[in-house]
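Structural features, examined
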Amino acid sequence: MSESNERKEYQTSSLLLFPERGFHLHAMVKSGGRELTRNHSYSWDGSKRGDRDMVIWQYTVSGCGAVDYASRTLKLDAGKAFLLTIPERHRYYLPESSSCWEFIYLSFNGSEIMRLTAELRRLAGAVSTQYAGAETVELANRIVDSVLSGDLTPHQASAFAYEFFTRMLSDCEKARMGNLRDFHQIMHDYCLKNIERHPDIEELAAVSGFSRGHFYRKFKESIGRSPHEFILDLKMRFAMRKLQTEYNISVKEVAAACGFDDPSYFCKAFKRRFGVTPASFRGNKK
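Here's a quick rundown of the structure. Counting restarts for each chain: residues are numbered from 1 in the order of the written sequence. Thresholds applied to this predicted model are a pLDDT of at least 70 for local features of residues and 80 or more for the giving and counting of side-chain atom pairs; totals over whole chains, interfaces and linings are not thresholded and use all residues. Side-chain metrics in this entry use all non-hydrogen atoms of the structure; hydrogen atoms and water are not considered.

**Looking at the nonpolar core**
One recurring pattern in soluble globular proteins: nonpolar side chains tend to sit buried together. Operational definition: In this text, buried Ala, Val, Leu, Ile, Met, Phe, Trp, Tyr and Cys residues form a nonpolar core when linked through side-chain atoms within 4.5 Å. Think of it in three bands: with a 1.4 Å probe and only protein chains considered, a residue is buried below 20% of the maximum accessible area for its type, exposed above 50%, and partly exposed in between. Runs of H or I in DSSP of at least four residues are treated as helices and runs of E of at least two as strands, each being numbered from the N terminus. Throughout, a contact is declared for two residues whenever any of their heavy atoms are within 4.5 Å.
Val-29, Trp-57, Leu-106, Phe-108, Tyr-131, Phe-164 and Phe-165 are the most contacted members of the largest nonpolar core, which has 34 residues in total. Counting residues per element, the ones that place at least two in this core are β2 (28–37), β4 (54–69), β6 (81–86), β8 (101–109), α2 (111–124), α3 (134–149) and α4 (154–193). No other element matches α4, which puts 8 residues into this core. Val-29 has contacts with Leu-16, Phe-18, Leu-106, Ser-107, Phe-108, Ile-143, Val-147, Ala-157, Phe-160 and Ala-161, leaving out every residue within four places of it along the chain.

**Some thoughts on helix α7 (residues 227–245)**
Put simply, the rule reads: By this rule, a helix spans an expected 1.5 Å times one less than how many residues it contains.
Between its first and last C-alpha, α7 extends 27 Å over 19 residues, near the 27 Å set by a 1.5 Å rise per residue. Three or more residues of α7 are buried, namely Pro-227, Phe-230, Ile-231, Asp-233, Leu-234, Lys-235, Met-236, Phe-238, Ala-239, Lys-242 and Leu-243.

**Side note on the packing of aromatic side chains**
How two aromatic rings sit relative to each other is given by the distance of their centres and the angle of their planes. Under the convention used in this document: In this scheme Phe, Tyr and Trp rings, the latter by its six-membered ring, pair at centre separations within 6.5 Å, and the angle between planes marks the pair as stacked below 30 degrees, edge-to-face above 60, and tilted otherwise.
For the structure on display, the rule yields 20 aromatic pairs. Ring geometry for Phe-266 and Phe-270: centres 6.0 Å apart, planes at 50°, overall tilted. You can see Phe-266 and its partner Phe-270 sitting in helix α9 (residues 263–274), 4 residues apart, about one turn around the helix. An identical accessibility class is assigned to Phe-266 and Phe-270; each is buried.

**Regarding the state of the cysteines**
Let me state the cut-off plainly: A pair of cysteine sulfur atoms is labelled a disulfide when the two atoms are within 2.5 Å.
The full count for this structure, using the stated rule, is 0 disulfides. No disulfide involves Cys-100; its nearest neighbouring cysteine sulfur is the one of Cys-64, lying 9.5 Å away. For Cys-100, a relative accessible area of 1% corresponds to the buried category. Cys-258 provides the cysteine sulfur closest to Cys-267, a residue in no disulfide bond, and the two sulfurs are 11 Å apart. Classification of Cys-267 as partly exposed rests on a relative accessible area of 25%.

**Topic: the environment of Val-254**
The residue Val-254 is located in helix α8 (residues 251–257) in this model. Placed 12 residues apart in sequence, Val-254 and Phe-266 show a C-alpha to C-alpha distance of 9.2 Å.

**A look at the packing of α4 against α7**
Selection criterion: To obtain an axis, a line is fitted to C-alpha atoms, over the contacting stretch when the element is a helix, and the angle between two such axes runs from 0 to 180 degrees between their N-to-C directions. To sort the angles, those under 35 degrees are grouped as roughly parallel, those over 145 as roughly antiparallel, those from 65 to 115 as roughly perpendicular, and the leftovers as oblique. Here is the rule for handedness: rotate from the far helix to the near one, and if that takes an anticlockwise turn smaller than a right angle the crossing is left-handed, while a clockwise turn gives right-handed. For this classification, the nonpolar set comprises Ala, Val, Leu, Ile, Met, Phe, Trp, Tyr, Cys and Pro, the charged set comprises Asp, Glu, Lys and Arg, and every other residue, Gly included, is treated as polar.
Their axes nearest at 10 Å, the elements α4 and α7 cross at an angle of 55°. With respect to α7, the element α4 is oriented oblique. As α4 packs across α7, the resulting crossing turns out to be right-handed. Only Phe-230, Ile-231, Leu-234, Phe-238 and Arg-241 of α7 make contact with α4, whose side of the interface consists of His-184, Met-187, His-188, Cys-191 and Leu-192. In terms of residue class, the contact of α4 with α7 is made up of 7 nonpolar, 2 polar and 1 charged.

Right under this line is the structure:
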């Protein structure tokens, strides 16, 4: 039996109630807690929890939960967290396939929290490991401890909220940049390996694993140019290196090695890119 299965159910939570103040804070921690449930009636519907804007972050410590969101059911295995808003059409619950769900949670409100949540979900969706980095979870536990102690001031609750959301944004941005670099490298390596051909968008999309439309958008975001412009530039730089280092082959052979059947078109493209013809470039290098 696993440790999580041996432990008893528990629930510790608290709601922060602050007195009226003369100024408005745009990001606030509202509640927090820890829970382990085995009750399959545990279920929360985001469309039936009032009409006041609120955001819920919930991280799975052990076991598994589920979220019905955007016509999909998303698993909440250990190490994943969700970021859901209220009011919103969603439901999170303990599914029949899971014997228990242990989690920590925090709720937030404020106009800045709603804005940051929209940006986070644009980057990572409603459920993501990017909301559950080691530093994020450590900070969440500190916030929950402070909420349960009952000694948080409004300013501290606001500072915690900003720190928590900027931590998640930092992790999402790092992951996004890493994904873009990986995508760029995959495209570069494939096009270079097939430099003697002209791969079309359908072929490149199949290599990337994305649909044609998604691939084109991701390509432009990652590389900043269209696939055609990227491939042409790669061919020109490949040709430049061959002209610099392989003096025993002709310009026509260089053109063919780069996938150009028409040497004159190759020469025009090369001159547009570097300002000189391939023959002049080679002569200068010699």
